[in-house]
Amino acid sequence: MNKPHHMSNNSPHDPLIKKTLPASLNDFVGNWLVTRTIVQNNGDKFQFVGNACFTWCKSQLHYQETGQVTGPNGNTLLAERAYIWQQSSRNRFDVLFDDERYFHTFSVGQPHGEHLCGDDNYVVDYGFQSWPTWSSTWEVKGPRKDYTMHSIYQRR
């Protein structure tokens, strides 16, 4: 008696499709569309749209982000930021500021990081469930800052 043979339908919800997750810095190399919403505690909302580019420099990835922020009043500003990513072990990533000061560490299995800057606490949760689309959500609380920032990264 022949058993029914299930064929994959290539749907992301198909149980036979195993999603891959980022395991190395190489998985991030390239250009990413970044869309970001920043919501201040007072309700003000800012939107960012731009490009993030990961490029190799020796054994590290340089992250360069450029784009445009639109404020609640409709005014726009150019914005940029830079970080350095390095890998301390499989699935474990260290993020440094562009001057090489430590920022935070996360892993795919524990996609959570934290950074204390003076009295302001930065907590991030990364989402890789829809890889290669991924996200980061920052909760920033302290006497000087109080906002949530949600970013979505889509490969270009």
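All values reported here derive from a predicted model rather than from experimental measurement.

### What about the overall build of the chain?
Counting its secondary structure elements, the chain contains zero helices and 10 strands. Every one of the 156 residues in the chain was classed for burial, and the buried ones make up 36%. Summarising the internal contacts of the chain: among those between residues at least 6 apart in sequence, 35% fall at separations of at least 24. Within the structure as shown, the chain displays about 9800 Å² of accessible surface, and the carbon and sulfur contribution to it stands at 51%.

### A look at the nonpolar core
Residues F28, F54, W85, Y126, W134 and W138 are the most contacted members of the largest nonpolar core, which totals 30 residues. Excluding anything up to four places from it in sequence, W138 contacts F103, H104, Y122, V123, V124, Y126, Y147, T148 and M149.

### Topic: the pattern of salt bridges
The full count for this structure, using the stated rule, is five salt bridges. Here R144 and D120 are joined by a salt bridge, their closest N and O atoms 2.9 Å apart. Of this pair, R144 sits in the loop between β9 (134-141) and β10 (146-155) while D120 sits in strand β8 (residues 120-127), and the two are 24 residues apart along the sequence. One continuous salt-bridge network, built from bridges that share partners, spans R36, E65 and R81.

### Quick word on the sheet that holds β8
With antiparallel pairing, the 10 strands of this open sheet are ordered in space as β6-β5-β4-β3-β2-β1-β10-β9-β8-β7. Each of the sheet's edge strands pairs with one partner strand only, and the pair in question is β6 (102-107) and β7 (112-117). Here the average twist between neighbouring strands, direction ignored, is 25°. Bridge analysis of β9 against β10 gives eight bridges, and the strand direction is antiparallel. When the sheet's bridge partners are listed, T137 is paired in β10 with H150.

### A short note on the side chain of R36
On the secondary structure map, R36 appears in strand β1 (residues 30-40). Within the structure, the side chain of R36 is placed 3.5 Å from the side chain of Y153, a separation counted as a polar contact. The residues touching R36, leaving out its near neighbours within four places in the chain, are F46, Q47, F48, Y63, E65, R81, M149, H150, S151 and Y153.

### What about the packing of aromatic side chains?
The full count for this structure, using the stated rule, is 27 aromatic pairs. Ring geometry for F28 against F54: centres 5.7 Å apart, planes inclined by 45°, an arrangement best described as tilted. Placement of F28 in the segment before β1 and of F54 in strand β2 (residues 45-57) is noted, with a sequence separation of 26 residues between them. The interplanar angle of 25° and the centroid separation of 4.0 Å between the aromatic rings of F106 and Y126 together place this pair among those described as stacked. Of the two residues, F106 sits in strand β6 while Y126 sits in strand β8, which places them 20 residues apart along the sequence. Judged on exposure class, the residue F106 and its partner Y126 are both buried. Lying over the aromatic face of F48, R36 brings its terminal NZ or CZ to 4.8 Å of the ring centre.

### Structural notes on unusual backbone geometry
Excluding glycine, residues mostly carry a negative phi; peptide bonds, for their part, are mostly trans. Looking along the chain, the bond that leaves W131 and enters P132 is cis, with omega of 15°. Residue placement: P132 occurs in the loop between β8 and β9. Located in the positive-phi region is K58, a residue other than glycine, with phi close to 60°. Relative to the elements of secondary structure, K58 occurs in the loop between β2 and β3 (60-70). The phi dihedral of E100 falls on the positive side, at around 75°, and the residue is not glycine. With respect to the secondary-structure elements, E100 resides in the loop between β5 (92-97) and β6. Its relative accessible area of 52% is what places E100 among the exposed residues.

What counts and how
Residues numbered from 1 in each chain as written. Predicted model: local features only at pLDDT ≥ 70, side-chain atom pairs only at ≥ 80, totals over all residues. Heavy atoms only, no water. Helix = DSSP H or I, 4+ residues; strand = E, 2+ residues; numbered from the N terminus. Buried < 20%, exposed > 50% of the residue type's maximum accessible area, 1.4 Å probe, protein only. Contact = heavy atoms within 4.5 Å. Areas by Shrake-Rupley, 256 points an atom, 1.4 Å probe, with all protein chains shown as cover. Core = buried A, V, L, I, M, F, W, Y, C linked by side-chain atoms within 4.5 Å. Salt bridge = Lys/Arg side-chain N within 4 Å of Asp/Glu carboxyl O. Pairing = 2+ DSSP bridges. Axes fitted to C-alpha atoms, helices over the stretch in contact; angles between N-to-C directions. Polar contact = N/O pair within 3.5 Å; in protein donor to acceptor, adjacent residues only side chain to side chain. Phe/Tyr/Trp six-rings, centres within 6.5 Å; stacked < 30°, edge-to-face > 60°. Lys NZ or Arg CZ within 6 Å of the ring centre and 35° of its normal.

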